[in-house]
Amino acid sequence: QKEVEQDPGPLSVPEGAIVSLNCTYSNSAFQYFMWYRQYSRKGPELLMYTYSSGNKEDGRFTAQVDKSSKYISLFIRDSQPSDSATYLCASGRSGNNRLAFGKGNQVVVIP
Amino acid sequence: NAGVTQTPKFQVLKTGQSMTLQCAQDMNHNSMYWYRQDPGMGLRLIYYSASEGTTDKGEVPNGYNVSRLNKREFSLRLESAAPSQTSVYFCASRRTADGYTFGSGTRLTVV
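None of the values given here were measured: they were computed from a predicted structure.

Draft legend 1. Representation of the overall build of chain B within the structure. When you go through chain B residue by residue, the secondary structure sums to 0 helices and 11 strands. Taken against the 2.2 N^0.38 rule, which gives 13 Å for 111 residues, the C-alpha radius of gyration of chain B at 13 Å falls within 12% of a compact globule. Overall, the C-alpha framework of chain B stretches about 40 × 25 × 25 Å when taken along its three principal axes. Of all 111 residues assigned to chain B, the portion counted as buried reaches 49%. Counting contacts in chain B only where the partners sit at least 6 residues apart, residues at least 24 apart contribute 53% of the total. Carbon together with sulfur atoms contributes 48% to the accessible area of chain B, which is approximately 5100 Å² in total.

Below, the structure is given as structure tokens:
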């Protein structure tokens, strides 16, 4: 079992819709949680960073962490065609230099 | 500020040839990583270096070697390339508990 599971199925939504992406993780020691965005033929870039449980909002993006259920979510409000990308979740813990990544979800926002 | 710079961006090798992928970061990060990304497989860690002078194996180290030349540079070497090593390779660096900063990738094809 991978430490972070992300259903890699592609997701197509109409412009303006809410995009909802989810991951689960298995290591209860994980303390920080991230979402990366990767445009086609580019490297992943850090989008959201959350320490411990709770919500974090940045513009149209909201990251949620529920440590009780080991569930990580990313919501994109008022989605735009420029949000079309692959989104990867990642988790890690203090004292460990490595992050565990999900496989990524390809999101297509249709104008 | 360049961030993480990878060279080359593209490469075609014949089976059995060798090559070195170069990576340099200018953010004074301690840790550096090499990943490969394949369709449906997500990011897989090849090798990492927690600090200057140390290297460790990741998930898929076979067929690769690395050198942490100094704090800035971390190279990945393929001694005898195989078609199974056709992939997109990403270098990343990280300060302590922050997210990774990724390079733009090297697209390698082994024929």
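Draft legend 2. How the structure looks around the overall build of chain A. From N to C terminus, chain A includes 0 helices and 11 strands. Seen along its three principal axes, the alpha-carbon backbone of chain A occupies a region of about 45 × 25 × 20 Å. When the 111 residues of chain A are sorted by exposure, 41% land in the buried category. Carbon and sulfur atoms make up 45% of the accessible area of chain A, which totals about 5300 Å². When the 12 basic and 10 acidic side-chain charges of chain A are each reduced to a single mean position, those positions are 9 Å apart.

Draft legend 3. Structural detail: the sheet that holds strand β8 (residues 71-76) of chain A. Residues and elements named next belong to chain A. Taken together, the 5 strands give an open sheet; going across it, the order is β1-β3-β8-β7-β6, and neighbouring strands pair in antiparallel fashion. Unpaired on one side and paired on the other, β1 (4-5) and β6 (54-58) mark the two borders of the sheet. Bridge count for β6 against strand β7 (residues 61-66) is 5 bridges, and the pairing is antiparallel. Looking at β7, one finds that N55 is bridged to Q64.

Draft legend 4. Molecular detail of the state of the cysteines. All names here are of chain B. Enumeration according to the criterion identifies 2 disulfides over all chains in this entry. What pairs with C23 in a disulfide is C91, and their sulfur atoms sit 1.9 Å apart. Judged by the sign of its S-S torsion, about -75°, the cystine formed by C23 and C91 is left-handed. Within this pair, whereas C23 is found in strand β3 (residues 19-25), its partner C91 is found in strand β9 (residues 87-94), the two being separated by 68 residues in sequence. Of the two residues, C23 and C91, neither departs from the other in class, the shared state being buried.

Draft legend 5. Representation of the interface of chain B and chain A in the model. At the interface, 25 residues of chain B touch 18 residues of chain A. Here chain B and chain A share an interface that buries about 1600 Å² over both sides, 51% of which is from carbon and sulfur atoms. The tally of links between chain B and chain A comes to 0 salt bridges. Those elements that provide at least two residues to the side of chain B that touches chain A are β4 (31-38), β5 (42-49) and β9 of chain B. For the side of chain B that touches chain A, the class distribution of residues is 12 nonpolar, 8 polar and 5 charged.

So, how was this worked out
- All chains use their own residue numbering, which begins from 1 and follows the written sequence.
- Each chain gets a letter, beginning with A, and each ligand a number, beginning with 1, in the order they are written.
- This being a predicted model, a pLDDT of at least 70 is required before a residue's local features are given, and a value of 80 or more before pairs of side-chain atoms are given or counted; all residues contribute to the totals for chains, interfaces and linings.
- Note: side-chain values were computed over all heavy atoms of the structure, leaving out hydrogens and water.
- Each helix is a run of DSSP H or I of at least 4 residues and each strand a run of E of at least 2, with the numbering of both proceeding from the N terminus.
- All radius of gyration figures rest on C-alpha atoms, and the globule criterion is 2.2 Å times the number of residues raised to 0.38.
- Partly exposed describes any residue whose relative accessible area lies between the buried limit of under 20% and the exposed limit of over 50%, with all areas from a 1.4 Å probe on protein chains only and scaled to the type maximum.
- Residue contacts follow a heavy-atom distance rule, with two residues in contact if any of their heavy atoms lie within 4.5 Å.
- Each accessible area is a Shrake-Rupley estimate made with a 1.4 Å probe; only the visible protein chains count as cover when residues are assessed.
- Charge assignment in this entry is limited to Lys and Arg as positive and Asp and Glu as negative, and neither His nor the chain termini are counted.
- A charged residue contributes its charge at one atom only: NZ of Lys, CZ of Arg, CG of Asp or CD of Glu.
- Strands are treated as partners if at least two bridges between them are detected by DSSP.
- Cysteine sulfurs are considered disulfide-paired once they come within 2.5 Å of each other.
- The term buried area denotes the loss of accessible surface (1.4 Å probe radius) that occurs when two parts are joined, taken as the sum for both partners.
- Counted as salt bridges are all cases of a side-chain nitrogen of Lys or Arg within 4 Å of a carboxyl oxygen of Asp or Glu.
- In this count, Pro and Cys sit with the nonpolar residues alongside Ala, Val, Leu, Ile, Met, Phe, Trp and Tyr, while Asp, Glu, Lys and Arg are called charged and the others, Gly among them, polar.

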